[in-house]
Amino acid sequence: MKRYLILEDGSSYAGDGIGAMITATGELAIQTSNYGYQEVLTDPSNAGKIIVFTTPMIGSNGINAVDYESIQPSVRGVIANDIALNITDNDTFQSLGDFLQEKKVPAIFNVDTRALVRKLQNLGPLKASIMDTNDEHAFDQIRALVLPKNKSSLVSTKNAYAAPNVGKTIAIIDLGLKHSMLRELSLRQVNANVLPYNATVRDIKTLRPDGIIISNGPSQAKEVLPYLRHILDEYLGKLPILGVGLGFLAISAYLDLSLVDLPQYQNGTNFPVIGQSSGQIWQTAMNIAQLVLPDDTAMTFNEEYFDLHNELLAGFSNDKLQLLAVAFNPEGAPGTEDAQVIFDDFLKLVK
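Model, not experiment: these values are computed from the prediction.

A closer look at the packing of helix H8 (residues 221-235) against helix H9 (residues 246-254)
Running from N to C, H8 and H9 point in directions that differ by 70°, and their axes come no closer than 9 Å. Here H9 runs roughly perpendicular to H8, going by the angle between their axes. The element H8 and its partner H9 pack so that their crossing is right-handed. Contact residues: Ala221, Val224, Leu225, Leu228, Arg229, Leu232 and Asp233 in H8; Leu246, Leu249, Ala250, Ile251, Ala253 and Tyr254 in H9. Here the residues of the contact of H8 with H9 are counted per class, giving 11 nonpolar, no polar and two charged.

Structure follows, in structure tokens:
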């Protein structure tokens, strides 16, 4: 079935529809990873986005039971150059088309994704819609669309829950938590307790945690910091704290570090980061639109991580404050295992 991707600038792209045949609207976003489409589609940090995959084909591996980052995807749609319609005859895998239909996510393939990427690189983020027509009424609707704020409130858990283990107890503030973070913590025997984005100091005190993690997520720092400020006021310098992705941005804003809008949203698996002390370069996964201006801070950090594409600060640690914050996703998923040592560094602070 012929379907259309229409953009707020008045352009449209025709392609073949697959998945749910519904109308969907959201923010168009590039995904540069060459693998891991299942993790991308189920990553809560992609909530509200229509994902444009730059890799030539997705779907050839199907959907498996292990690589979910959340059970219900919160993406609004998928745009691809090509989607594999048939996969290996194996009951343990589901085709991408069936998955999208089951999860009520529309998709279009046979689209010139290179042209879309060039447009987004030139114009920045655009509102978009997937629908059956590209008439002028459709463009009027997309221009009038107001995108939701504080998307963390939409994807965060509504009720606290535990991922029990036998080690140190860590309270996790869920701004858009990925399953793979819980997996990495479980491998390190962390007794994790997950709390909603608007958890109170009292909620944390009842758990008597040995440390706190502020997770990645889809919102902006200014939208979540009002919910986190009282927690940072209470615990910064008293308990070890790890911020990841959106957690990094919120902590940076709390410390009055200057956040810089990136020329292009960094969403993928191929972002090199260098550690200032070690000189070691990691290939990291990111899903972030801002980093920190390194020359605008009077703070002294024990370690700093720099994004080599933009020469901006993508992570830091401060032993005195028992603080570690990184813009990249140390769990990858998708991505390499280069930065997973961040979890070990955090647990050293905890122990």
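Notes on empty space enclosed by the protein
A complete count under the given rule lists one cavity of 30 Å³ or more for this structure. Volume-wise, the largest cavity comes out at about 80 Å³. Along its surface, the largest cavity is lined by 15 residues, and Asp43, Asn267, Gly268, Met286 and Pro334 are the ones closest to its centre. Where the lining of the largest cavity is concerned, the elements lending two or more residues are strand E13 (259-275) and strand E14 (281-292). A class-by-class count of the residues in the lining of the largest cavity yields five nonpolar, eight polar and two charged.

With respect to helix H6 (residues 179-187)
Since the α-helix advances by 3.6 residues per turn, residues separated by three or four positions end up pointing in the same direction. By the burial criterion, the buried members of H6 are Ser180, Met181, Leu182, Glu184 and Leu185. The inward-facing, buried residues of H6 abut strand E8 (161-163), strand E9 (169-173), strand E10 (191-195), strand E11 (211-214), strand E12 (241-244) and helix H10 (341-350).

Here's the deal with the pattern of salt bridges
Oppositely charged side chains may form a pair once their charged atoms are brought near each other. Evaluation of the coordinates by the stated rule reveals 10 salt bridges. Asp132 is the partner of Arg3 in a salt bridge, and the nearest nitrogen-oxygen pair spans 2.7 Å. Placement of the pair is Arg3 in strand E1 (residues 2-7) and Asp132 in the loop between strand E7 (126-131) and helix H4 (136-144), with a sequence separation of 129 residues. Note on Arg3: relative accessible area 1%, which makes it buried. Members of the salt-bridge network, linked through shared partners, are Glu136, Asp140 and Arg143.

What counts as what
- Residues numbered from 1 in each chain as written.
- Predicted model: local features only at pLDDT ≥ 70, side-chain atom pairs only at ≥ 80, totals over all residues.
- Heavy atoms only, no water.
- Axes fitted to C-alpha atoms, helices over the stretch in contact; angles between N-to-C directions.
- Helix = DSSP H or I, 4+ residues; strand = E, 2+ residues; numbered from the N terminus.
- Parallel < 35°, antiparallel > 145°, perpendicular 65-115°, else oblique.
- Left-handed = near helix turned anticlockwise from the far one by under 90°.
- Contact = heavy atoms within 4.5 Å.
- Nonpolar A, V, L, I, M, F, W, Y, C, P; charged D, E, K, R; others polar.
- 1 Å grid on protein atoms, 1.4 Å probe; cavity = no way out; pocket = protein on both sides within 12 Å on 5 of 7 lines; lining within 4 Å.
- Points joined across faces, edges and corners; volume = space filled by probe spheres on them.
- Buried < 20%, exposed > 50% of the residue type's maximum accessible area, 1.4 Å probe, protein only.
- Salt bridge = Lys/Arg side-chain N within 4 Å of Asp/Glu carboxyl O.

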